[in-house]
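Letter by letter, the chains look like this.
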Amino acid sequence: MGEKSVPSLRRRWVKRSCPSCGPEPGGEEKKGRGNPVSIQLFPPELVEHIISFLPVRDVVSLGQTCHYFHEVCDSEGVWRRICHRLSPRLREQGSGVQPWKRAAILNYTKGLYFQAFGGRRRCLSKSVAPVLAHGYRRFLPTKDHVFILDYTGTIFFLKSALVSSTLGQKRACCYVVLCHGAKDFASDPRGDTVYRKYLYVLATREQPGVVDTAHSQSCDCVEVYLQSSGQRVFKITFHHAMSFKQMVLVGLETQRTLLLLTEEGKIYSLVVNEAQLDQPHSYTGQLTLRKVSHDLPHLRVACMASNQGSTLYITDQGGVYFEVHTPGVYRDLFGTLEAFDPTYQQMPLPVSLPAKVLFCALGYNHLGLVDEFGRIFMQGSNRYGQLGTGDKMDRGEPTQVHYLQRPVALWCGLNHSLVLSQRSDFSKELLGCGCGARGRLPGWPRGSASFVKLHIKVPLYASSLCPTRECLYMLSGHDIEHHPAYRDLPASRVVGTPKPSLGAEAAQDPEGVAAQACEPYLGQIHSCPTLQECMETTKVIVGWMPLMATQEDFFWEALDMLQRAFGGVGQGPPTPDS
């Protein structure tokens with residue numbers, strides 16, 4: 001049935017009869033309407049075909065009306081048609097319990113958004129979406145371009161992704177396929193994209209078989225591409241018995257170390273001199289077992305994170321181990337140099353936490369950890385307030401940020417941190433703390449020692465973020481099979497927090513408890529010497545208080561109006577809505 005025949009069926013009076021819901025009340029024959037027709041009398045293929053023309057959000061909403069539509073809207077036949085409509089070139093649905101539904105939602109929610117820090121207008125823009133991409137799994141901005149890895153292992157090369165326009169916005173002009181069969185990619189671990197000259201790709205390649213056999217073998221390899229042109233300049237192939245799933249880089253250009261994580265949870269390292277990669281001669285490297293896997297063979301590493309001077313490992317049991325390679329970073333992270341040994345830099349240092357760690361973010365001299373209960377722990381240098389603890393005191397051990405829980409994503413940079421959070425209505429917001437110079441904390445040019453809401457309109461399906469010196473990138477995508485499964489914190493482990501839960505306590509003592517909780521806030525405002533500092537402190541306190549999103553926006557807008565009325569002090573950039 002064609003698309004034009006769908007409206008004619010909608011105009012016909014159709015009675016919805018669901019066995020689980022019973023007959024429709026008042027279902028007797030009505031004057032002038034003829035006999036009612038049950039929706040279940042239509043062939044299932046016809047119903048699936050009609051529903052497949054609905055938007056994805058409407059299909060999900062329709063599936064929540066009754067048991068019959070729930071089964072129809074959740075069937076793979078509907079999602080297969082939707083997937084072919086969204087991605088006509090996709091022929092393989094992938095794996096999983098509901099592969100077609102997962103594929104359709106991946107392609108429906110995919111997107112790459114960015115907001116420039118400079119220019120006259122600061123609004124969110126969307127880059128060109130590769131038609132061939134099957135969802136977006138990861139992305140990596142470099143000096144001039146952006147690389148995207150999809151769920152089929154294809155890396156897309158978005159050329160000229162940073163083309164400036166008259167309004168200060170940036171837009172991807174075109175894209176090409178860089179390679180297929182990729183598992184992971186990485187570049188220079190420093191936050192500044194100027195240093196990202198090469199792109200390292202961990203991929204699987206078919207190797208020709210022995211002379212007397214016609215069979216080929218799949219071997220993992222590391223390929224190095226120039227980020228400026230996409231030209232491959234280096235390749236190293238491993239034995240077919242070794243299979244890797246993740247790769248990170250450590251160190252500087254002349255002593256670049258590749259850390260490779262195997263499927264069995266072991267870490268191998270390979271040292272590469274990038275100064276010799278573009279020279280026309282063979283290069284020999286030695287793959288060695290990392291000390292964390294050699295000295296602690298019982299550990300099974302699940303994932304890694306790195307910067308130029310340290311590496312963090314998370315085990316399958318939620319344990320955390322550190323490698324710190326420079327004394328300066330060690331002092332910032334732990335507050336002392338007593339246990340630092342420059343001759344034994346690969347020694348793994350355990351980090352004690354009260355619960356299992358799910359994921360992490362590693363900056364230059366500070367880090368963030370998120371445990372299974374959705375709690376955020378920060379550690380390291382706090383010179384600019386990048387830990388979000390409300391002060392600028394360094395922390396030599398993980399310290400919980402009590403007023404933030406269950407983040408979608410966490411990012412730590414040179415001297416600021418970002419948290420992607422989800423509200424109760426499933427909308428997203430971006431919070432930041434630390435240094436606000438050069439617009440890196442939109443709406444807070446002077447920075448903040450606590451996490452505050454940034455003036456950025458966050459996409460509904462945003463899942464990860466990566467700021468650069470010029471703009472903030474946000475990757476959009478929803479995978480129904482992979483999402484943080486936070487647990488509820490047991491009542492016996494709940495401790496007092498600096499930010500009281502006014503909603504729960506006010507029900508017991510609506511006057512005394514609420515007043516006692518607000519006294520420290522009033523004391524902070526009273527101690528401000530100037531009106532400008534008083535306004536800024538009040539904005540921060542509004543971000544701490546358990547208010548609804550509309551209430552927070554109202555108070556922030558009201559404070560901005562008061563600042564403009566008193567001579568324009570503290571007037572920041574316009575909000576996303578304006």
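See the structure printed just above.
These figures come from a predicted structure and were not determined experimentally.

A. Structural context of empty space enclosed by the protein. In total, this model carries three cavities of 30 Å³ or more according to the counting rule given. In this model, the largest cavity occupies a volume close to 40 Å³. Contributing to the lining of the largest cavity are Gly-443, Trp-444, His-455, Lys-539, Trp-556 and Asp-560. Classifying every residue of the lining of the largest cavity by side-chain character gives two nonpolar, two polar and two charged.

B. Focus on helix 2 (residues 44–51). For helix 2, the buried fraction is high: six of the eight residues fall into the buried class. Of the residues making up helix 2, those classed as buried are Leu-46, Val-47, Glu-48, His-49, Ile-50 and Ile-51.

C. Looking closely at the nonpolar core. Judged by nonpolar contacts, the single largest core of 24 residues is most densely connected at Ile-51, Val-59, Tyr-68, Trp-79 and Ile-82. Here Val-59 is in contact with Ile-51, Leu-54, Cys-73, Val-78, Trp-79 and Ile-82, once residues within four sequence places are set aside.

D. Summary view of the environment of Thr-399. Turning to its location among the elements, Thr-399 is positioned in strand 26 (residues 395–405). The sequence separation of Thr-399 and Leu-369 amounts to 30 residues, and the corresponding C-alpha distance is 9.6 Å. With residues near it in sequence (within four places) discarded, Thr-399 still touches Ile-376, Phe-377, Met-378 and Thr-389.

E. Structural view of the pattern of salt bridges. Following the criterion strictly, the structure yields 19 salt bridges and no others. For Arg-395, the salt bridge identified is with Asp-391, shortest N-O distance 3.0 Å. According to the relative accessible area criterion, Arg-395 is buried, its value standing at 18%. Ionic contacts of the salt-bridge type, sharing partners, join the residues Asp-188, Arg-190, Glu-253, Arg-256 and Glu-274 into one network.

F. Seen up close, helix 5 (residues 76–86). Turning to helix 5, its buried residues number three or more, namely Gly-77, Val-78, Trp-79, Ile-82 and Cys-83. Those residues of helix 5 hidden inside the fold are in contact with helix 2, helix 3 (56–62), helix 4 (67–73) and helix 6 (99–109).

G. Molecular detail of the packing of helix 2 against helix 5. Interaxial distance between helix 2 and helix 5 falls to 9 Å at its minimum, and their mutual angle equals 40°. Viewed along their axes, helix 2 and helix 5 adopt a mutual orientation that is oblique. The interaxial crossing formed by helix 2 with helix 5 has right-handed handedness. Across from Glu-45, Glu-48, His-49 and Ile-51 in helix 2, the residues of helix 5 making contact are Gly-77, Val-78 and Arg-81. Residues of the contact of helix 2 with helix 5, tallied by class, amount to two nonpolar, two polar and three charged.

What counts, and where the lines are drawn
Residues numbered from 1 in each chain as written. Predicted model: local features only at pLDDT ≥ 70, side-chain atom pairs only at ≥ 80, totals over all residues. Heavy atoms only, no water. 1 Å grid on protein atoms, 1.4 Å probe; cavity = no way out; pocket = protein on both sides within 12 Å on 5 of 7 lines; lining within 4 Å. Points joined across faces, edges and corners; volume = space filled by probe spheres on them. Nonpolar A, V, L, I, M, F, W, Y, C, P; charged D, E, K, R; others polar. Buried < 20%, exposed > 50% of the residue type's maximum accessible area, 1.4 Å probe, protein only. Helix = DSSP H or I, 4+ residues; strand = E, 2+ residues; numbered from the N terminus. Core = buried A, V, L, I, M, F, W, Y, C linked by side-chain atoms within 4.5 Å. Contact = heavy atoms within 4.5 Å. Salt bridge = Lys/Arg side-chain N within 4 Å of Asp/Glu carboxyl O. Axes fitted to C-alpha atoms, helices over the stretch in contact; angles between N-to-C directions. Parallel < 35°, antiparallel > 145°, perpendicular 65-115°, else oblique. Left-handed = near helix turned anticlockwise from the far one by under 90°.

Function-wise, these values are silent; they only describe arrangement.
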